[in-house]
Amino acid sequence: VLELLRSVQRGSEDRKRSLSRLCWALRNKETQQKFVRLDGSIRTLIGLFTSSLADMQMEAARCLHELSHSSDLAVAEACLPVTSYLLTYLSGHSVEFTELCLYTLGNLVVESEAVRKQLLPQGIIPVLASCIQSPHEAVLEGLGYVLSQLLQAKEAPTEIIPLVLDSVLPQQMLRLVCSGLKAGIGAAVEFAWCLHYIICSHTANMALLSLGALPALSSLLLDLASEIPQDAPEGLELLVCPVLRCLSNLLAEETCCEVQIQDERLLIALFLILQLFFQQHPFIVQECLWLLNNLTADEPFFCSALFSLDLLPALLQLLPCSQMASVLVLTVLCNIAEKGPAYCQQLHQQPALPLLLPTLMLPDSEVVGQCLELLHLLFLHWPEAAADFVRQGGHRALELHQNTPELQERARALLDMVGQPLGASTFSPCHATLSAF
């Protein structure tokens, strides 16, 4: 490594070859650590990186990019002097060069708070805001990567997100995400995650809502679902996931009731997405159910639409999918049952009870607890369901939980209810929207 560095410093005829070999060597963790300890190593790379020789600039950029991959804090902080040049060259002479600078910045900000603190006063946010106008997908994807790393920093809510909100970035990110596949799926995915991190900070949701984020993302979800029956592009699930999360968390905002979306096509889109990704990408199932929960938590419109569109059988089929899916399906059913007798009557007619009985026999106390919550609401609002439950032997399943500490109080209360269907209960209200998934 020392010999390669000396060859580069001497400016010999094979300097480019030496630099290329150095770049290859810097893929090794130990080599990275040794290199940054060599006297003048980073200074030499910066000299070549800022030179007027385009081929030397590119090779030096590749070396810096390899160094930025290091998880060693000392390596990241040794690269501090290059950060201002990386920002300057984001308006570089080639797409590949700009892309390299972006990913190098993104890698450095992940590892070092010192790097982030140096970049903020150097104006990284305004520089990134100017890059978002680029017509090149590779540049936009790299830009999304840098932003997503910045927005995940521990100091993001207080130091980074306010700067982002003061720029054009939020509306431009929303525009690029909602253009979906037109801007390239990679860039759309990165910016969708950026929006997700901003929303999860809970400091910027009003700003995003005022930009029309809720109807825009809802419309995007409809567009993505419409791609499914044709030829869904590879990696579509990577975009669907953050879009679902953004919508779920925006809907969890109390202020959101003023801009509530009432479009039953959202439910159709959700179930189309569930159908597509159920087998190969089961993690999407719980993302869809999380959004469905937040759609039905307070708003009877979507509860009614589940019945009118005959989607409840498809929902009930997801009960045995996984532990998380079971809890979320039962929570959605609780949201429906909470709306009163007419909804409980329809649940009883569907028939939900035969599917709930096996659920009561599961060893998972969280799933069983949510099932007990649902049964309480059904029996409270529609006593015929309690009588039917007893006829199907459900009371014997309840008796199994009389001695389970976290379930016994609710199990005994339900046993009282099936004996006296119109009696009072000791249950707490069904919980509402679930935020920050």
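What counts and how
Residues numbered from 1 in each chain as written. Predicted model: local features only at pLDDT ≥ 70, side-chain atom pairs only at ≥ 80, totals over all residues. Heavy atoms only, no water. Domains from an automatic or database assignment. Buried < 20%, exposed > 50% of the residue type's maximum accessible area, 1.4 Å probe, protein only. Helix = DSSP H or I, 4+ residues; strand = E, 2+ residues; numbered from the N terminus. Arc of directions from axis to C-beta. Contact = heavy atoms within 4.5 Å. Salt bridge = Lys/Arg side-chain N within 4 Å of Asp/Glu carboxyl O. pLDDT = per-residue confidence, 0-100. Axes fitted to C-alpha atoms, helices over the stretch in contact; angles between N-to-C directions. Parallel < 35°, antiparallel > 145°, perpendicular 65-115°, else oblique. Left-handed = near helix turned anticlockwise from the far one by under 90°. Nonpolar A, V, L, I, M, F, W, Y, C, P; charged D, E, K, R; others polar. Polar contact = N/O pair within 3.5 Å; in protein donor to acceptor, adjacent residues only side chain to side chain.

Turning our eyes to something else, we now look at the domain arrangement of the protein. Where the parts come together, the accessible area they lose is often given as the size of the interface. One can read the domain layout of the protein as domain 1 (1–122) and domain 2 (343–436). A C-alpha centroid distance of 63 Å is found between domain 1 and domain 2.

Turning our attention to helix 26 (residues 383–391). Regarding helix 26, the residues found buried are Ala 385, Ala 386, Asp 388 and Phe 389. Angularly, the buried residues of helix 26 cover 165° about the axis, an arc narrow enough to put them on a single face. Packed against the buried residues of helix 26 are helix 23 (341–349), helix 24 (353–360), helix 25 (365–381), helix 27 (394–399) and helix 28 (408–419). Positive phi appears at Gly 393, one or two residues downstream of helix 26, with a value of about 85°.

Let's shift gears to the pattern of salt bridges. Under the defined criterion, the tally for this structure stands at 10 salt bridges. Residue Arg 62 is joined to Glu 96 by a salt bridge in which the shortest nitrogen-to-oxygen separation is 3.0 Å. Placement of the pair is Arg 62 in helix 5 (residues 54–68) and Glu 96 in helix 8 (residues 95–111), with a sequence separation of 34 residues. Glu 96 sits in the partly exposed class, given a relative accessible area of 41%. Here Lys 117 ties to Glu 113 by a salt bridge, and the two come within 3.8 Å at their closest N and O atoms. Taken together, the positions of Lys 117 and Glu 113, both in helix 9 (residues 113–119) and 4 residues apart, correspond to about one turn of that helix. With relative accessibility at 29%, the residue Glu 113 sits in the partly exposed group. Taken together, the salt bridges that share partners define one network made up of Glu 113, Lys 117, Lys 154 and Glu 159.

On average, residues of the protein score 87 in pLDDT, and 92% of them reach the 70 mark or higher. Confidence drops under pLDDT 50 across residues 420–433; counting only partners more than four residues distant or on other chains, this segment forms 33 contacts.

Right, let's get into the side chain of Ser 326. As for its position among the elements, Ser 326 is in helix 22 (residues 323–337). Once residues lying within four places of it in the same chain are set aside, the contact partners of Ser 326 are Leu 319, Pro 320 and Val 367.

Let us now look at the packing of helix 23 against helix 25. Contact pair helix 23 / helix 25: the axes reach a minimum separation of 9 Å and the direction vectors enclose 115°. Taken as axis vectors, helix 23 and helix 25 run roughly perpendicular relative to one another. Here helix 23 and helix 25 pass one another in a crossing that is left-handed. Every residue of helix 25 that contacts helix 23 at Pro 341, Cys 344 and Leu 347 is listed here: Leu 377, Leu 378 and His 381. Here the residues of the contact of helix 23 with helix 25 are counted per class, giving 5 nonpolar, 1 polar and no charged.

A word on the environment of Ser 308. Positionally, Ser 308 belongs in helix 20 (residues 300–308). You can call Ser 308 exposed: its relative accessible area is 58%. Once the C-alpha coordinates of Ser 308 and Asp 72 are considered, the two residues, 236 residues apart in sequence, prove to be 57 Å apart. In this structure the side chain of Ser 308 is engaged in a polar contact, spanning 3.2 Å, whose partner is the backbone oxygen of Ala 305.

Another point: the side chain of Thr 31. With respect to the helices and strands, Thr 31 occurs in helix 3 (residues 29–37). If sequence neighbours within four positions are ignored, Thr 31 has contacts with Val 1, Ala 25 and Leu 26.

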